Structures are given as structure tokens and as C-alpha cells.
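Chain by chain, the residues:
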Amino acid sequence: IARLVAGIQAGKPLAVGIDIVFTEADRYSPEALASHVPGLAGTALAGLPDPDQALARTLAAGPNVLAVMGQRNPVEGARRLARPLPVFTDDERLRNRLPAYAAALVSRPALEQAAANEGFINAGPEKLFANTEQGVLRRIPTVAMIAEQPLLSLPLEMVRLALDRDAIPRVELDSRGMSAIRLGDYRLPTQANGEVLLHFGKASSGYYLSAADVLSGKHPPETFAEHFVIIGFNSAGLQDRIITPLGESLPGVDVH
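About the thresholds
- Every chain is numbered independently, its residues counted from 1 as its sequence is written.
- Since the coordinates come from a predicted model, pLDDT governs what is reported: local features require at least 70, and pairs of side-chain atoms require 80 or more to be given and counted, while whole-chain, interface and lining totals use all residues.
- With hydrogens and water stripped out, all remaining heavy atoms of the structure feed into the side-chain values.
- Only runs of H or I of at least four residues qualify as helices and only runs of E of at least two qualify as strands under DSSP, and these elements are numbered from the N terminus.
- Only C-alpha atoms enter the radius of gyration, while the globule expectation follows 2.2 Å times N to the 0.38, with N the number of residues.
- Classification of residues uses two cut-offs on accessible area relative to the type maximum, computed with a 1.4 Å probe and protein chains only: under 20% is buried, over 50% is exposed, and between them is partly exposed.
- Contact definition: two residues touch when any of their heavy atoms are within 4.5 Å.
- We get accessible surface area from the Shrake-Rupley algorithm with a probe of 1.4 Å; when it comes to residues, only the shown protein chains can shield them.
- The sign given to each residue is positive for Lys and Arg and negative for Asp and Glu; His and the chain ends receive no count.
- Here the site of a charge means NZ on Lys, CZ on Arg, CG on Asp, or CD on Glu.
- Whether two strands pair depends on DSSP finding at least two bridges between them.
- What makes a nonpolar core is a set of buried Ala, Val, Leu, Ile, Met, Phe, Trp, Tyr and Cys residues whose side-chain atoms join them at distances within 4.5 Å.
- The directions from the helix axis to the C-beta atoms are what the arc is built from.
- Whenever a nitrogen or oxygen atom comes within 3.5 Å of another N or O atom, the pair is scored as a polar contact, on the condition that within protein one atom can donate a hydrogen and the other can accept it, and that pairs from neighbouring residues in sequence are kept only if both atoms are in side chains.

> Now, about the overall build of the protein: what can you tell me, with residues and values included?
Per the secondary structure count, the protein includes eight helices and 16 strands. Compactness check: the protein gives a C-alpha radius of gyration of 19 Å against a globular reference of 18 Å for 256 residues, within 12% of the reference. With the C-alpha coordinates aligned to their principal axes, the bounding extent of the protein is approximately 65 × 40 × 35 Å. When the 256 residues of the protein are sorted by exposure, 44% land in the buried category. Considering only contacts in the protein between residues 6 or more positions apart, those separated by 24 or more positions represent 72%. Element-wise, carbon and sulfur atoms account for 54% of the exposed surface of the protein, whose accessible area totals about 13,400 Å². Side chains of the protein carry 24 positive and 28 negative charges; the gap between the two charge centres is 3 Å.

> Quick rundown of the sheet that holds strand E4 (residues 100-101)? Include the residues and the values.
The three strands lie next to each other as E4-E8-E9, forming an open sheet whose pairing is mixed. One side of each edge strand has no neighbouring strand; the edge strands of this open sheet are E4 and strand E9 (149-152). Pairing between E4 and strand E8 (residues 143-146): two bridges, direction parallel. The residue bridging tyrosine 101 from the neighbouring strand is isoleucine 146, located in E8.

> Describe in detail the nonpolar core, supporting the description with residues and values.
Ranked by size, the top nonpolar core spans 19 residues in total, and within it Ile8, Ile18, Phe22, Leu59, Leu66, Leu111 and Ile231 carry the most contacts. Here the element with the most residues in this core is helix H1 (residues 2-9); it accounts for four residues. Here isoleucine 18 is in contact with Val5, Leu59, Val65, Leu66, Ala67, Leu154 and Ile231, once residues within four sequence places are set aside. Counting residues in each nonpolar core, the second largest holds twelve residues, with Leu85, Leu94, Leu156 and Val171 among its members.

> Which residues make up unusual backbone geometry, and what are the values?
Residue alanine 147 is not a glycine yet carries a positive backbone phi of 50°. Considering the arrangement of structural elements, one finds alanine 147 in the loop between E8 and E9. Alanine 147 sits in the buried class, given a relative accessible area of 13%. Positive phi values are uncommon outside glycine, yet glutamate 226 reaches one of about 60°. Along the chain, the position of glutamate 226 falls in the loop between helix H8 (211-216) and strand E14 (228-231).

> Tell me about the pairing of strand E10 (residues 170-173), and please be specific about residues and values.
In the sheet, E10 pairs with strand E11 (residues 178-183) via four bridges, with the strands oriented antiparallel. Of the residues in E11, the one forming a bridge with glutamate 172 is alanine 180. Connecting E10 to the next strand, E11, in antiparallel fashion are four residues, including glycine 177 with a positive phi near 145°.

> Quick rundown of helix H4 (residues 51-60)? Include the residues and the values.
Taken residue by residue, H4 has Asp52, Leu55, Ala56, Thr58 and Leu59 as its buried positions. Projected onto a plane normal to the axis of H4, the buried residues spread over an arc of 165° and lie on a single side. Summarising the geometry of H4, the exposed residues directed more than 90 degrees from the buried face are Arg57 and Ala60. On its buried side, H4 packs onto H1, strand E1 (15-18), strand E2 (64-71) and helix H6 (109-114). A side-chain oxygen of the first residue of H4 lies 2.9 Å from the backbone nitrogen of aspartate 52; this N-cap is aspartate 50.

Listed below in C-alpha cells is the structure:
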């Protein structure tokens, strides 16, 4: 993954979103091998490279956003965010409407600190079973409260990173609640609860690139110049699926 990210970064993309949460140590890291293979000599382990550190160094070198998964209830491995957004509104009309999560599943601390930013990947799955939704994903949140800390969605955090990583989001409110969110000069209209209605076109494989092809050099770095790039899974059995209003079943990464 570090090699993949480095190859994309070489093309100078606007931002790279990684729709993967690295909650555990790489299974070939020295610490993991030490616990699984007790007979390994300490000197042998000391000479092994640490894959997590290699990924951390790569993340630190470019405009990368890691995924965060909000959890309704604290679970093992969940913790508070390392770098939440500044609190940009105390208006109760908004805070009472935004999605709220008790904790978050985040990547390992070294990776979390190395990445430029983080963004949540929840798409409001509890609403998919409402009578009005009937299992179809029609809208997603732009901002959520995680352990009372605000965080932007993964794609919106990528936009913020491309425009100005220090830009503090501003929300526009009306009598109903939230009407838009601003990142500098960029304005995104929203529903009253901060959600946006998704516009689904017909699915196409044309916007996917194989990670293997990128690693092999089939797609040169300039492919990614001035683009937003998302790394995720689209293989059966490795990812969540969504149903669009057009009746198509797509990988969850397509939402972003």
C-alpha cells in the first residue's frame, strides 16, 4: 500500500483518500512476528523493516486523508479522534441534527499522525432500512459529531485539503437548520441535517484503475495529476455494497 500511495503521490494529485482503516499492526511487522513466532531471535527482528513505519513515511509525504468509522457504541479498539476539526458552531439547531457517534475506529497512531487529515466514511446505514428509503442510499452526511468532536466526511475533507488544509468549515443556517457548508470559496448546499442528496449516474468501470496496474507502471504517475484519487476495495467479499436509486449494486467506495 505504501508503494501504491507513493506511485500516486508522484503524479501530484489534489488529494488522496484512503477508504481503509488500519486498526491493527501489519501482520509482518516485527512486533506481530514476535508474538506469533516466539522463537525468533531479537537480533533477527531488529533487522526487519517495519511496514507500518514505511506506510507512515509515505503518508507524511503527500496530501493523504485516512478513513475514520464512527461507532454508535464504544467497541474494542475505538478511541477519540487525534485531530478533530475546531468546533465551528455551537448552534443547537445544528448540533441536535447532525449524526452523532460515541467513538471512532481509526488507524494506528503512527499512521493517523502521519496523514494530512482524516474523514469519516459512515453513510448513515441505519436510514437505509426506513420505509422511505427501502434499502436505497440517497443521501450522505457532510459532517458528524464523533465523541462530541466535529469531523468532515472523507470526500469533503479531501476537498478541504486541496483548497486549504487550515480552512475552518463555515456552516450556513436558516430556520430549518443547516443550509450549506463552506470551505473557503467552495459552497456545498445541504439538507437541514447536513446531508447532501447524491446524484447517481449510470455506473461505469471507466473510473476504476487496478492497483496492480498502478504498481506495475501501466498507469504512469501523471495519470493522477490534479485529480482526486480514492483508494478502496471493489472486489466481491472485500467491501460493503450499496443500492442506488437507479437499482444498481455498487461498492461502498463509489459513494465517496
